[in-house]
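Listed here are the chains, written in short residue letters.
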Amino acid sequence: MTYGMLSEGELIVSGYRVRVKGLEGGFKLYTRLPLNEDKILASVMVGEGTDLSLVPVEPSTGNLQGVVECVYVKLETPIVIGKEAKVDVRITVPVDYAIAAMGPEGDFNVIDAFSDTESTPKLALYGTPTSGYICRFHNSSSKEPFKPGLAEALLRINNYSGRIATVSRAVIPLSLMEIYYKPGTWQANVGIITMNLESEKAAEIIVGGMPPTADFEKSPEIVTEKHLISVQKLGYLTFKAAGFKMLWGY
Amino acid sequence: MGLSSEIMAYLSRFLSELGLSASTIRSVLVAVSIFVFFLALALFLGRYVRIRASVKFSREAALILGRVTSALIVFAGFALALHSLGFNISSLLLAGGFLAVALGFAAQTVVSNLLSGVFLYIDRPFTIGDPVMIGNNTGIVEDVTIFSTRLRTFDGRLLRISNNEVFNSTIVNMMATKARRIEYRFLLPHNSDAKKAISIVKDILEKHPLILADPGPQVFINESNLDGIIMTIWAWSPSKSFFPVWTELFSTIREELIKAGIQLAVPQRIITIRGPESAGAPGPEEETLKTREKQGVHS
């Protein structure tokens with residue numbers, strides 16, 4: 001089982017049984033069940049003119065929906081960067097799974113979304129309880145083997161802080177994340193994440209990059225609130241930025 | 001002679017009997033029309049301003065702006081209607097000014113509530129929909145008007161609290177922060193394996209998806225008394241999921257500790273009865289209170 005179009009039958013996806021059954025009149029019945037139980041967790045009837053696809057989405061599904069605003073990537077090995085230097089680091093970012101009903105013109109409707117059952121998703125607070133962000137926590141190691149439930153990304157760090165800096169984490173807002181996947185594989189990618197270190201404490205995160213190769217397709221976005229992009233508040237102060245500002249250290 | 005002419009003649013006879021001329025009636029009709037027109041305009045523009053303002057400002061501010069707009073238009077309509085009846089508006093405004101001062105003195109509470117409403121808007125301790133505790137009242141903020149704040153209590157009652165009282169009370173906003181700390185205190189017997197208990201609780205907290213990894217949970221023994229040792233648990237959770245996590249975790253931890261053979265201490269009372277043979281005793285009976293329920297300690 002891989003990302004891409006779902007055909008009729010039963011498949012195992014991240015600890016769940018996913019069933020697609022053809023019905024009369026061109027309808028398809030989608031159901032999701034646990035591995036060892038017959039309890040239906042999701043069931044949707046899909047009409048003609050749509051294809052069902054399994055795609056990677058932002059890691060904020062299930063009981064994390066509406067709670068998680070960012071992904072907090074903790075680098076297992078902190079990186080020391082010299083003044084005015086640039087460093088490229090491979091990181092991994094957690095992703096959830098979604099079943100999308102895709103129309104012929106690229107329009108879509110996410111009919112079900114769920115997270116990887118093989119590991120418990122953890123959360124972290126970046127910043128203060130008053131002005132911070134609730135993030136999906138992820139430990140990223142450059143030696144970590146790639147596995148389903150993760151997307152790769154290239155973290156490009158530019159040190160404009162005017163001093164040697166140590167980077168141990170990157171916070172990526174979900175509203176900026178664009179996820180790409182390669183149909184027929186488990187490969188998912190978030191493109192290039194640029195991190196401009198501006199001072200001892202602050203860094204700007206700019207997300208946006210092309211997929212690594214042309215055979216990657218863009219996943220539907222389930223987090224559409226864009227308020228984090230342009231304006232951030234720290235107490236009574238409001239910041240306007242092109243990307244997302246990490247204001248409580250990197 | 002048509003029917004309409006007959007009606008008109010009847011009406012003019014009726015009005016002259018009442019001592020009113022046709023021109024007076026016309027003026028009254030014009031004044032009423034002006035007022036009704038401004039009333040409709042106030043409703044329309046008030047709504048328009050509220051909708052437009054809600055894009056830029058908070059819901060409460062938009063509501064207040066809409067209401068102020070409506071009130072100003074209604075006042076203008078009233079003044080114009082009176083003007084059309086031949087009243088002097090400037091003297092009306094002057095009289096209005098004196099009246100306002102007089103009313104201000106007479107209605108200090110109203111003014112105080114109004115000003116408190118303005119200060120509450122500037123201070124913004126809560127917004128509509130926030131769960132709050134104002135003084136001894138707890139509930140969800142339903143509406144903030146210029147004079148009062150309405151709270152829907154968790155048992156479904158609607159409370160109206162004057163803005164003056166709100167402004168002078170301690171306000172606890174339970175959703176103003178992104179994360180909140182859950183705290184439990186478990187009472188364990190003195191002979192219990194504290195390290196094992198801590199390890200079990202840490203394991204439960206680490207596996208829970210809605211307990212934050214950073215700041216991470218803390219489990220420690222920080223108190224010992226006659227009843228046993230107290231295991232304190234601190235764990236952070238997103239404010240949005242605080243209540244369900246808080247209620248769920250307590251049972252889970254309790255059940256897992258019992259399952260692992262760790263008994264929870266039970267508050268005890270030992271009564272020692274001394275007979276008459278114990279000479280020199282302070283009394284025939286002596287009660288020793290060994291324990292008491294301590295607030296917040298679960299057993």
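Not measured: the values here are computed from a predicted model.

## Observations concerning the sheet that holds strand S6 (residues 179–188) of chain B
All names here are of chain B. Taking strand neighbours across the sheet as the criterion, the three strands line up as S6-S9-S8 in an open arrangement whose pairing is antiparallel. A strand with exactly one partner marks an edge of an open sheet, and here the two such strands are S6 and strand S8 (218–224). When strand polarity is set aside, the average angle formed by the axes of neighbouring strands in this sheet is 25 degrees. Sheet topology note: the S6/strand S9 (residues 229–238) ladder contains 10 bridges and is antiparallel. Bridging across to S9, Glu-183 finds its partner in Trp-234. Set on the sheet, helix H8 (residues 242–259) makes contact with S6 and S9; between it and S6 the angle comes to about 25 degrees.

## Some remarks on the pattern of salt bridges
A full pass over the atoms with the stated rule returns 18 salt bridges over all chains. We note a salt bridge from A:Asp112 to A:Arg32, for which the minimum N-O separation is 2.6 Å. Of this pair, A:Asp112 sits in strand S10 (residues 108–114) while A:Arg32 sits in strand S4 (residues 28–34), and the two are 80 residues apart along the sequence. With a relative accessible area of 7%, A:Arg32 lands in the buried category. A salt bridge links B:Lys207 to B:Asp203, with the shortest nitrogen-to-oxygen separation between them at 3.2 Å. Remark: B:Asp203 and B:Lys207 occur in helix H7 (residues 194–207); sequence separation between them is four residues, near one turn of the helix.

## Some words on unusual backbone geometry
Look at the link from B:Asp214 to B:Pro215: it is a cis peptide, with omega at 0 degrees. Looking at the element boundaries, B:Pro215 is found in the loop between strand S7 (212–214) and S8. Non-glycine residue A:Glu84 carries a positive phi angle of around 60 degrees. Taking the relative accessible area as the measure of exposure, A:Glu84 reaches 54% and is therefore exposed.

## A few points about the layout of surface pockets
All names here are of chain A. By volume, the second largest pocket is sized at about 370 Å³. Every residue lining the second largest pocket is counted, 17 residues in all, and those nearest its centre are Ser-119, Thr-120, His-138, Lys-147 and Leu-150. Looking at the lining of the second largest pocket, the element that brings in the most residues is strand S12 (residues 133–140), giving four residues. Looking at side-chain class alone, the lining of the second largest pocket contains six nonpolar, five polar and six charged residues.

## Focus on the sheet that holds strand S7 (residues 70–81) of chain A
Across the sheet, five strands lie side by side as S14(A)-S7(A)-S12(A)-S11(A)-S7(B); this open sheet has mixed pairing. In this open sheet, the two strands that pair with only one neighbour each are strand S14 (165–173) of chain A together with S7 of chain B. Across the sheet, the mean angle separating the axes of adjacent strands is 45 degrees when strand polarity is ignored. As judged from the eight bridges shared by S7(A) and S14(A), these two strands associate in the antiparallel manner. Residue pairing in the sheet places A:Val80 in a bridge with A:Thr166 of S14(A).

## Focus: the interface of chain A and chain B
Counting residues at the interface gives 19 residues for chain A and 19 residues for chain B. With both chains or domains summed, chain A and chain B bury close to 1,500 Å², and 58% of this area falls on carbon and sulfur atoms. By the criterion of area lost to chain B, the three top residues of chain A are A:Lys122, A:Leu123 and A:Pro129, representing 33% of everything that side buries. At the boundary of chain A and chain B, one finds one salt bridge. In this structure, A:Glu69 engages B:Lys178 in a salt bridge whose closest nitrogen and oxygen atoms are separated by 3.3 Å. Inspection of the region where chain A meets chain B yields 11 residue pairs in polar contact (both at pLDDT 80 or more). Going through the elements one at a time, strand S11 (122–126) and S12 of chain A are the ones with two or more residues in the side of chain A that touches chain B.

The rules behind the values
Residues numbered from 1 in each chain as written. Chains lettered and ligands numbered in written order. Predicted model: local features only at pLDDT ≥ 70, side-chain atom pairs only at ≥ 80, totals over all residues. Heavy atoms only, no water. Pairing = 2+ DSSP bridges. Helix = DSSP H or I, 4+ residues; strand = E, 2+ residues; numbered from the N terminus. Axes fitted to C-alpha atoms, helices over the stretch in contact; angles between N-to-C directions. Contact = heavy atoms within 4.5 Å. Salt bridge = Lys/Arg side-chain N within 4 Å of Asp/Glu carboxyl O. Buried < 20%, exposed > 50% of the residue type's maximum accessible area, 1.4 Å probe, protein only. 1 Å grid on protein atoms, 1.4 Å probe; cavity = no way out; pocket = protein on both sides within 12 Å on 5 of 7 lines; lining within 4 Å. Points joined across faces, edges and corners; volume = space filled by probe spheres on them. Nonpolar A, V, L, I, M, F, W, Y, C, P; charged D, E, K, R; others polar. Buried area = accessible area lost by both parts, 1.4 Å probe. Polar contact = N/O pair within 3.5 Å; in protein donor to acceptor, adjacent residues only side chain to side chain.

From the geometry alone we can't say anything about function, so treat these as descriptive.
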